[in-house]
Amino acid sequence: MIWLAWRQLRVPAVSVFAGMAAIAVVLAITGPGLVGRTEFGSAEFLYYGGVLAMFALPAIVGIFWGVPTVARELEAGTHSLVWNQTVSRRRWLATKLGIGMLAAMAAAGLLSLAVGWWASPIDAAASAAAADGGDFLSRIEPTVFAVRGIAPVGYAAFAFVLGVAAGIVLRRTLTAMAVTLVAFVAVQVAVPFLVRPYFLPATEETVAITEESIRSINADGAGTAEALTVESPTGVWMLANETVDADGVAVRPLPDAVQDCAPEPGSGPPPKPGGMIACFAQLNDLGYQQHLSYQPGSRFWPLQWLETAMFLALSALLGWFCLRRVRRL
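Residues numbered from 1 in each chain as written. Predicted model: local features only at pLDDT ≥ 70, side-chain atom pairs only at ≥ 80, totals over all residues. Heavy atoms only, no water.

*Asks:* Which parts of the structure should I look at to understand the state of the cysteines?
*Replies:* Here, the word disulfide means a covalent bond between the sulfur atoms of two cysteines. Counted under the stated rule, the structure contains one disulfide. Here C261 connects covalently by a disulfide to C279, the sulfurs 1.8 Å from one another. Linking C261 and C279, the disulfide has an S-S dihedral of approximately -65 degrees and is accordingly described as left-handed. Of the two residues, C261 is situated in the loop between strand 4 (237-244) and helix 8 (275-281) and C279 in helix 8; the sequence distance between them amounts to 18 residues. Pair check on accessibility: C261 and C279 agree, each one buried. (Disulfide = S-S within 2.5 Å. Helix = DSSP H or I, 4+ residues; strand = E, 2+ residues; numbered from the N terminus. Buried < 20%, exposed > 50% of the residue type's maximum accessible area, 1.4 Å probe, protein only.)

*Asks:* Whenever I open this one, the nonpolar core confuses me. Can you help?
*Replies:* Side chains that are nonpolar tend, in soluble globular proteins, to be buried together. By size, the foremost hydrophobic cluster in this structure holds 53 residues, and its most contacted members are Y47, W65, L93, W118, I122, F160 and V164. Elements represented by at least two residues in this core include exactly helix 1 (2-30), helix 2 (44-76), helix 4 (89-127), helix 6 (151-170), helix 7 (173-194) and helix 9 (300-325). In terms of residues, this core owes the most to one element, helix 4, which gives 14 residues. Ignoring anything within four residues of it in the chain, the contact list for W65 reads L9, P12, A13, V16, F17, I60, G100, A103, A104, A107 and F160. In terms of nonpolar packing, the next biggest core, distinct from the first, is built from 18 residues, I209, V258, C279 and F280 among them. (Core = buried A, V, L, I, M, F, W, Y, C linked by side-chain atoms within 4.5 Å. Contact = heavy atoms within 4.5 Å.)

Interpretation in functional terms is not warranted from these geometric data alone.
Okay, here's the thing in structure tokens:
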């Protein structure tokens, strides 16, 4: 049964591992040249290509490995041949799930290891910069977090079992592929905003608004100053950077006292001594401060373990569902 399950998986698996090998060769050739550098502009294409590849791998696993594992056999009717040869339905499915999940986790782990090694000089430089302080992001920020460390292993396992579950429920390969893609993308989008920020309590700070700390001022199309941000700590995932009043209540738009600090669209510089930034800095004298909420870079690995454990638990639940559902086929 194990050999049969592997034979059914080997073509898509070999295709993925061949693609990974090609990526690894490119990374091995270009990676040593990044060590010791302080500027990485020429590596931007490969950097974001690696991010894209890591995001795509679990989706590919779910669609092209997970879904056909059961859906294709149900469509062709070949599952009946196996079940009539003293192989129970649960053993048949458990073997497929076990081999598929191990292969998916191995693929994600190996690619994450290769991409993480290549990008380590860039990640180190990005972690030493303030949030949104450069062309590259700290590895704890949402765009990079899910494609570094062990998190891709959890995502790949979940995507594979999700594809199997969709195939069992829908029994149509193409339909199950579409549903798996939509569901997995929805999970990838939702987790960084609705789940990950609450794994660990965020670090909270209230800081003064000064000329030196103001980083940006945001205005709407009518020229109304909506918000400002101040410099953030280095290598963090910033959750909130907002102006608050003396009671700690967020203020948006900014108070009327500073609305004339910025020039109206098409007008000249603001008629305020010290310039526009100095004008907005008077918010501090008016009793306003800046509230910062963030996850520090030191929590990268605790968050990695928590998120991976969550996806492995979800994979186990989906696997249990599949084993229960297969009895009704």
